[in-house]
Amino acid sequence: IVHPEQLSWPIQINLFHSADIVVGEVGSGLHNTIFTRPGAKVGALGFNNLTQSSLGALRGHQNAYLEVPGYANGNGSYSVSTEIFRGFMHALVEA
């Protein structure tokens, strides 16, 4: 697990550029995939997001979304079963 906000910009850019797979919650933090190489796999937790999809199309990424029930209700709390998350991760790695 990486917390990009705790890293300098050059380190963040290098980290994303060298990643083959990036997984994170939908939002501005995941938009750092703009620095990820073409062909990278991006797994977004939450909901299908137009901005993330556009970044993926621009950069040639393979985007996958794990829609999380209750994510969009705005209460800031949600959960995903271990089994579903494990399946999502397996699909990303094997794709």
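To be clear, the structure that these remarks concern was listed above.
These figures come from a predicted structure and were not determined experimentally. The numbering scheme is per chain: residues are counted from 1 as the chain's sequence reads. Under the rules for a predicted model, residues below a pLDDT of 70 receive no local features and side-chain atom pairs below 80 are neither given nor counted, while totals for whole chains, interfaces and linings still include all residues. Excluded from the side-chain calculation are hydrogens and water; included are all heavy atoms of the structure.

(A) Spotlight on the overall build of the protein chain. A tally of helices and strands in the protein chain yields three helices and three strands. In this treatment the radius of gyration is a C-alpha quantity, and the globule benchmark scales as 2.2 Å times the residue count to the 0.38 power. The globule rule puts the C-alpha radius of gyration for 95 residues at 12 Å, and the 13 Å found for the protein chain is close to it. Its C-alpha atoms give the protein chain principal-axis dimensions of roughly 35 × 30 × 25 Å. Sorting the 95 residues of the protein chain into buried and exposed places 29% on the buried side. In the protein chain, once contacts between residues fewer than 6 apart in sequence are set aside, the share between residues at least 24 apart is 25%. Here the Shrake-Rupley method, with its probe set to 1.4 Å, supplies the accessible areas, and only the displayed protein chains count as covering residues. In the form shown here, the protein chain has an accessible surface area of approximately 6000 Å², with 58% of it arising from carbon and sulfur atoms. Side chains of the protein chain carry 4 positive and 6 negative charges; the gap between the two charge centres is 10 Å. Each helix corresponds to a stretch of at least 4 residues labelled H or I by DSSP, and each strand to a stretch of at least 2 residues labelled E; elements are numbered beginning at the N terminus. Accessibility here uses a 1.4 Å probe with only protein chains present; expressed as a share of the type maximum, an area under 20% marks a residue as buried, one over 50% as exposed, and anything in between as partly exposed. Any two residues whose heavy atoms approach within 4.5 Å are treated as being in contact. Charge counting follows a simple rule: Lys and Arg are positive, Asp and Glu are negative, and His as well as the terminal groups are ignored. A charge is said to be at NZ when it belongs to Lys, at CZ for Arg, at CG for Asp and at CD for Glu.

(B) The arrangement of the pairing of strand 2 (residues 41-46) in detail. Across the six residues that make up strand 2, a large majority, six, are buried. Burial of the side chains of strand 2 extends over both faces: Lys41, Gly43 and Leu45 are buried on one face and Val42, Ala44 and Gly46 on the other. DSSP bridges decide pairing: two strands pair if at least two such bridges lie between them. One ladder, built from six bridges, connects strand 2 with strand 3 (residues 62-67); its direction is parallel. By the bridge assignment for strand 3, alanine 44 is matched with tyrosine 65. With helix 2 (residues 50-59) bridging strand 2 and its parallel neighbour strand 3, the resulting β-α-β unit is right-handed. We call a crossover right-handed when, viewed with the strands running away from us, the connection from the first strand over the helix to the second turns clockwise.

(C) Here's a closer look at a nonpolar patch on the surface. Residues enter patches when they are more than 30% accessible in relative terms and free of salt bridges; like-charged ones are connected within 9 Å and nonpolar ones (Val, Leu, Ile, Met, Phe, Trp, Tyr) within 5 Å. Within this document, salt bridges are pairs made up of a side-chain nitrogen of Lys or Arg and a carboxyl oxygen of Asp or Glu, the two lying within 4 Å of each other. On the surface, Tyr78, Val80, Ile84 and Phe85 cluster together into a nonpolar patch covering about 300 Å² of accessible area. As for its placement among the helices and strands, valine 80 is situated in the loop between strand 3 and helix 3 (82-94). Overall, valine 80 belongs to the partly exposed group, its relative accessible area being 30%.

(D) Just the pattern of salt bridges, in detail. Inspection of every chain in the model, using the stated rule, returns one salt bridge. The partner of arginine 37 in a salt bridge is aspartate 20, with the nearest N and O atoms 2.7 Å apart. Of this pair, arginine 37 sits in the loop between strand 1 (21-25) and strand 2 while aspartate 20 is found in the loop between helix 1 (9-17) and strand 1, placing the two residues 17 residues apart along the sequence. Residue aspartate 20 is classed as exposed on the basis of its relative accessible area of 52%.

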